[in-house]
Amino acid sequence: MAGHVVGGITITHPERRVFGEDGPTKGEVAAYYEAVAPWMLPELSGRPLSLVRCPQGSTGPCFFQKHHADTLGPHVKAVDIEEKDGDEAHYIYVDDVRGVLELVQMNTLEFHPWGAHADKPDRPDRLVFDLDPSAGVEWKAIVGAAREIRERLAEAKLESFVRTSGGKGLHVVAPFRRGPSWIAVKAFCESIADAMVAEHPKRYIAEASKTKREGLIFIDWLRNTRGATSVTGWSLRARPGAPVAMPVRWEEIARLKSGSAFDLKKALKRAKSLDADPWEGIASLSQSLPS
């Protein structure tokens, strides 16, 4: 089948199944991202990105890509960022739906932005806690962990927002005025995670140890470092069933059953029925990270 045009971008092989035999096609993935772009772009636009690209679909080998290449398309932008070795590299960012769709044409399924904008990559403006439960942890315990982080952030005068991860857990996200260093953001997030572990050692763990994690929720604060990324809201995940990382209102999480409660079809339905962004106000909040 010849390519077809979505949002002004030609998508080749639109009939190719990219989530297994019964899953959505490449064309349906492109149509999905065009439909949800008004909700997704505010969190994604203008930030350096890591992509998950799956040339053979989610059931084949996938890889992360953060460096720009001209083959990605004319609406996929490049920004020079200094790396650990001191050399500069071209990183990817987009600022409109055409850039997103050009990346979908190049078999991108997942979008993971930095917690900083491309114009000032060393001045973060967003933090994230990724709650990653081990097998057997009940959903209500994950909900409780997210609410506890929300309360601790509120004590620090930071309003926060929540999304499903598209996997097993939840992400808690808080914006702040840019200015603090990555080191300061990391230290602040580590202190919250450590305090939760100290208070509830049989509930939480704050170190990325698979062997010690059994029966616990890993509070992943390590996303808050320079160059680290976290999946954006409305992004598909390259997993069976085409789950979506979904921004939700705080009062919604208890009614869900898992972090993969939304798939492509449910996310499309939600996008069409939403009256307001579940994260309404996040861009206009003026709050400061405690020093």
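Residues numbered from 1 in each chain as written. Predicted model: local features only at pLDDT ≥ 70, side-chain atom pairs only at ≥ 80, totals over all residues. Heavy atoms only, no water.

(A) Fine view of the UniProt feature "domain: DNA ligase D polymerase" (unreviewed entry) in the protein chain. UniProt annotation of "domain: DNA ligase D polymerase" (unreviewed entry) refers to residues 25-279 when read in the numbering used here. Along residues 25-279 one finds 29% helix and 20% strand; the C-alpha atoms at either end are 29 Å apart. (UniProt positions renumbered as here; feature names shortened; annotations may be inferred. Helix = DSSP H or I, 4+ residues; strand = E, 2+ residues; numbered from the N terminus.)

(B) Quick peek at the pairing of strand β9 (residues 161-164). Alternating positions in β9 separate into two faces, F161 and R163 on one and V162 and T164 on the other, with burial throughout. Direction of pairing for β9 relative to strand β10 (residues 170-175): antiparallel, over a ladder of four bridges. Across the sheet, V162 pairs through a bridge with V172, a residue of β10. Once β9 ends, the chain turns through five residues before running back antiparallel as β10, passing G166 with a positive phi of about 80 degrees. Relative to strand β13 (residues 247-248), β9 runs antiparallel, the two being bridged by two bridges. Bridge pairing links V162 to V248 in β13. (Buried < 20%, exposed > 50% of the residue type's maximum accessible area, 1.4 Å probe, protein only. Pairing = 2+ DSSP bridges.)

(C) Looking closely at the packing of aromatic side chains. Under the definition given, this model contains five aromatic pairs. Aromatic pair Y33 and F111: ring centres 5.1 Å apart, planes at 75 degrees, arrangement edge-to-face. Of the two residues, Y33 sits in helix α1 (residues 26-44) while F111 sits in strand β7 (residues 108-113), which places them 78 residues apart along the sequence. Judged by its relative accessible area of 0%, Y33 falls in the buried class. A relative accessible area of 0% places F111 in the buried class. Their ring planes at 50 degrees and their centres at 5.9 Å tell us that F161 and W279 sit as a pair that is tilted. One end of the pair, F161, is in strand β9; the other, W279, is in the segment after α5 (264-273), and 118 residues separate them in sequence. Residues F161 and W279 agree in their burial class; the two are buried. Grouped by ring-pair contacts, the aromatic residues Y32, Y33 and F111 constitute a single cluster. (Phe/Tyr/Trp six-rings, centres within 6.5 Å; stacked < 30°, edge-to-face > 60°.)

(D) Region of interest: the environment of A30. Position of A30 relative to the elements: it lies in helix α1. Residue classification places A30 among the buried residues on the basis of a relative accessible area of 0%. It is 7.6 Å that separates the C-alpha atoms of A30 and I11, two residues lying 19 residues apart in sequence. When neighbours within four sequence positions are excluded, A30 is seen to be in contact with V6, I11, L101 and V104. (Contact = heavy atoms within 4.5 Å.)

(E) Structural detail: the pairing of strand β6 (residues 88-93). One ladder, built from six bridges, connects strand β5 (residues 77-82) with β6; its direction is antiparallel. Residue pairing for β6: I81 is matched across the bridge by A89. Between β5 and β6, which pair antiparallel in sequence order, lie five residues; one of them, G86, sits at a positive phi of approximately 95 degrees.

(F) Region of the structure containing the sheet that holds β13. Strand order in the open sheet made by the six strands is β11-β12-β8-β10-β9-β13, with mixed pairing throughout. Each edge of the sheet is formed by a strand with only one pairing partner; in this case those strands are β11 (204-205) and β13. Across two bridges, β11 lies against strand β12 (residues 217-220) in parallel orientation. By the bridge assignment, Y204 is partnered in β12 with I217.

(G) Spatial organisation of the side chain of R163. Relative to the helices and strands, R163 is located in strand β9. Note on R163: relative accessible area 2%, which makes it buried. Here E43 takes part through its side chain, which lies 2.5 Å from a polar atom of the side chain of R163. (Polar contact = N/O pair within 3.5 Å; in protein donor to acceptor, adjacent residues only side chain to side chain.)

(H) Just a negative patch on the surface, in detail. Where like charges cluster on the molecular surface, the negative patch consists of D80, E82, D85, D87 and E88. Its location among the elements puts D80 in strand β5. (Patch = residues over 30% accessible without salt bridge, like charges linked within 9 Å, V, L, I, M, F, W, Y side chains within 5 Å. Areas by Shrake-Rupley, 256 points an atom, 1.4 Å probe, with all protein chains shown as cover. Salt bridge = Lys/Arg side-chain N within 4 Å of Asp/Glu carboxyl O. Lys, Arg positive; Asp, Glu negative; His and termini not counted. Charge placed at Lys NZ, Arg CZ, Asp CG, Glu CD.)

(I) Summary view of α1. For α1, with 19 residues, the first-to-last C-alpha span of 21 Å runs short of the 27 Å given by 1.5 Å per residue. Approximately 75 degrees is the largest bend angle found in α1, and it occurs at A37, with the proline P38 only one to four residues beyond. Just beyond α1, the residue with positive phi is G46, at close to 75 degrees. (Expected span 1.5 Å × (residues − 1). Bend = angle between axes of the 7 residues up to and from the residue.)

(J) Focus on the nonpolar core. If you look at the biggest cluster of nonpolar residues, it comprises 75 residues, and the most contacted ones within it are Y32, Y33, L127, F129, L153 and W234. Counting residues in each nonpolar core, the second largest holds nine residues, with V79, I81, Y93 and W182 among its members. (Core = buried A, V, L, I, M, F, W, Y, C linked by side-chain atoms within 4.5 Å.)

(K) Fine view of the state of the cysteines. A full pass over the atoms with the stated rule returns one disulfide. For C54, the disulfide goes to C62, at an S-S distance of 2.2 Å. Taking the torsion about the sulfur-sulfur bond, which here is approximately 115 degrees, the covalent link between C54 and C62 counts as right-handed. C54 gets classed as buried once you look at its relative accessible area, which sits at 2%. Exposure remark for C62: the relative accessible area of 32% places this residue in the partly exposed category. (Disulfide = S-S within 2.5 Å.)

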